[in-house]
Amino acid sequence: MILLAAIASSRQRIMSACDDLKARYPLLTRRAIVAGVPIPAPIQWIDRNFFKGQLNAYAMCLNHWLPFLPVPVILINAGWLDDHSQLKDRYLNDVSISYHPDCGCPIKYIICHEFAHFIYVNMSAKSRRQWEQGYEHAQPSGYSFNPEESFCEAFAGHVAGLTGKYYDEAPRFAADYGQE
Ligand SMILES: [Zn+2]
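From a predicted model like this one, the values you see are computed outputs, not experimental measurements.

Asker: Which parts of the structure should I look at to understand the sheet that holds strand E2 (residues 33–37)?
Answerer: Paired through their backbone hydrogen bonds, the strands of a sheet run either parallel or antiparallel. Sheet architecture is open: four strands sit in the order E1-E2-E4-E3, paired in mixed fashion. In the strand order of this sheet, the two ends are held by strand E1 (2–4) and strand E3 (59–61), each with one partner. Pairwise comparison of adjacent strand axes, ignoring direction, gives a mean angle of 15 degrees for this sheet. The strands touched by helix H8 (residues 106–122) are E2, E3 and strand E4 (73–77); relative to E3, the strand with the most contacts, the crossing angle is about 20 degrees.

Structure follows, in structure tokens:
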């Protein structure tokens, strides 16, 4: 995994947060590119004034928008990496209202969720249909507002060791990227 432009204090956190994922899904992580990206001040201003901070997401997976990219490309909002305590507070609040699964560490959650987008856009049409058929709104978390986000939430929870219907199902769909 190549990690670009993350501040020094976050770099170690990101790398160790990926340990479980790298050990269990080596084919997924080996050629991945992860970058900490600062959000330009004008965009932050527009977000604060017109979108109530809703655009201030944790991260995004470029493969969701550009599914033809051959490797996972994950951009993490550097604003969250700069201030780990703020990130932790927001994530713990999200967990407390079941908006996100409790993965024990916000960066671990973010990384696994974003990698799952790559899995989702690259799985077979048959597998995707299967996941869609089992999809229920807001399961396994409040953020699961469509089948793709539901899969990403389930995969992140699965890597963190959570169990339950969706967490137990996710690894079957990610099996192609598992142990060599
Ligand atoms: Zn997502």
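Asker: Explain unusual backbone geometry here, please?
Answerer: For residues other than glycine, phi is negative in most cases, and the peptide bonds are mostly trans. In this chain, Gln139 is followed by Pro140 through a cis amide linkage whose omega measures 5 degrees. Here Pro140 lies in the loop between helix H9 (125–134) and helix H10 (147–159). Of note in the backbone geometry, Ser98 takes a positive phi value of approximately 60 degrees without being a glycine. Within the element layout of this structure, Ser98 appears in the loop between helix H7 (84–96) and H8. Accessibility expressed as a relative area gives 47% for Ser98, which makes it partly exposed. Within the chain, Ala138 stands out as a residue other than glycine whose phi angle is a positive 60 degrees. If you trace the backbone, Ala138 turns up in the loop between H9 and H10. We classify Ala138 as partly exposed; its relative accessible area is 27%.

Cut-offs used in this document
- Residues numbered from 1 in each chain as written.
- Predicted model: local features only at pLDDT ≥ 70, side-chain atom pairs only at ≥ 80, totals over all residues.
- Heavy atoms only, no water.
- Pairing = 2+ DSSP bridges.
- Helix = DSSP H or I, 4+ residues; strand = E, 2+ residues; numbered from the N terminus.
- Axes fitted to C-alpha atoms, helices over the stretch in contact; angles between N-to-C directions.
- Contact = heavy atoms within 4.5 Å.
- Buried < 20%, exposed > 50% of the residue type's maximum accessible area, 1.4 Å probe, protein only.

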